[in-house]
Amino acid sequence: SYLNWQSTSGAIRTIAHFVKVSRQALDDLPWLRGTIDGEMIYGLKVKEEAEILSGDGTGVNLNGIITQATAFSTGYLVAAAGWTRIDVLRYAKLQARLAGLATYPPSAFILHPTDLAQIELTKSAEGLYIIGDPRTGAAIRYIWDLPVVESDSISAGTFLVGAFNTAADLIDRMATTVEISFEDDVNFQQNLATIRCEERIGLAVKKSSAFVTGSFSTSP
C-alpha cells in the first residue's frame, strides 16, 4: 500500500461563553444551577456545530468543512433538463463519491430546514408527494441512500455532502466543562457568580475533495 500524507498544521480553538447570576438565586433555587448548566452546554454545542460546518478559519474560528469543501460542478446538470433539488443532491453525491473513491465514500447530506421542506413538498406530475408524506408526518431519514441532517448552521439554499465519518476528524482536546467563580470582576462586591462553559476542539479535514457544497439556485 502507498499512503500519500502531507505535512500541514492546524489550530486547537477554545469555544466558550459565560453568564452572571446572583448568589441569592443560586441559594434559593436549587434547580437553577442545573438549568443554567444545561442551557449553556446546549448553546456551546450549537456554536460548535456552526464552527465545524462554516468556520472561516480566521482569528479564533475553526476552518470549517464548508470552507474547505469542493464546489459543486454544475456541469453535471447540463444533460439534466428540468432538474430539481433532488437531482442536484444526487449529482453532488456522485461528485463526492468519485473524488473520495472507495476510501472516503459520502456518508450524509446536510440541509437547511427551508430546503428540506422544499424537498418534502416536491410532487410528481400527478400531484403526488415524491418523498414527503403529509398523512403520517414522517421525517425524511434518507435521500439517495444517505441520511439527511437538518441544520440551522448551513445557509438556506445551499447543501453539503461528504464523507463525514472518514474524511474529517474532530479533535477533542478538552471536553465540555462548566465552572463557577465568585471572585470574577465585581462578583464579590455585588454577590454575583460567573458561570463559564467551554471546550477546546480542533478539526482535521483529511480529504477536502470528498466534501461537496453548492447552491440549489446555481445554473449550469
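Thresholds, definitions, all that
Residues numbered from 1 in each chain as written. Predicted model: local features only at pLDDT ≥ 70, side-chain atom pairs only at ≥ 80, totals over all residues. Heavy atoms only, no water. Helix = DSSP H or I, 4+ residues; strand = E, 2+ residues; numbered from the N terminus. Rg over C-alpha atoms; globule rule 2.2 N^0.38 Å. Buried < 20%, exposed > 50% of the residue type's maximum accessible area, 1.4 Å probe, protein only. Contact = heavy atoms within 4.5 Å. Lys, Arg positive; Asp, Glu negative; His and termini not counted. Charge placed at Lys NZ, Arg CZ, Asp CG, Glu CD. Pairing = 2+ DSSP bridges. Axes fitted to C-alpha atoms, helices over the stretch in contact; angles between N-to-C directions.

Asker: What should I look at first to understand the overall build of the protein in this one?
Answerer: Helix and strand counts for the protein stand at six helices and nine strands. Relative to the 2.2 N^0.38 estimate, which gives 17 Å for 220 residues, the radius of gyration of the protein is 22 Å and therefore markedly larger than a compact globule would have. Projected onto its principal axes, the C-alpha coordinates of the protein cover approximately 70 × 55 × 30 Å. A total of 220 residues make up the protein; the buried ones form 34% of that total. Residue pairs at least 24 apart in sequence account for 74% of intrachain contacts in the protein once pairs closer than 6 positions are excluded. Averaged over its 18 positive side-chain charges, the protein has a centre that lies 7 Å from the centre of its 24 negative ones.

Asker: Sorry, what's going on with the sheet that holds strand 7 (residues 168-181) here?
Answerer: In sheet architecture, strand pairing relies on hydrogen bonds along the backbone and comes in two forms, parallel and antiparallel. Taken in spatial order, the three strands make up an open sheet running 1-8-7, and their pairing is antiparallel. Lying at the two open borders of the sheet, with one neighbouring strand each, are strand 1 (13-22) and strand 7. With strand direction ignored, the average angle separating the axes of adjacent strands in the sheet is 10 degrees. For strand 7 and strand 8 (residues 192-205), the ladder comprises eleven bridges, and the chain directions are antiparallel.

Asker: Teacher, can you tell me more about the sheet that holds strand 2 (residues 70-71) here?
Answerer: An order of 2-9-6-3-5-4 is seen for the six strands of this open sheet, with the pairing classed as mixed. Edge strands, defined here as strands with exactly one partner in the open sheet, are strand 2 and strand 4 (142-143). Note: strand 4 against strand 5 (residues 146-150), two bridges, orientation antiparallel. The residue of strand 5 that forms the bridge with Y142 is P147. Taken strand by strand, helix 4 (residues 85-100) contacts strand 2, strand 3 (108-111), strand 4, strand 5, strand 6 (158-162) and strand 9 (211-215), and its axis lies near 35 degrees from that of strand 6.

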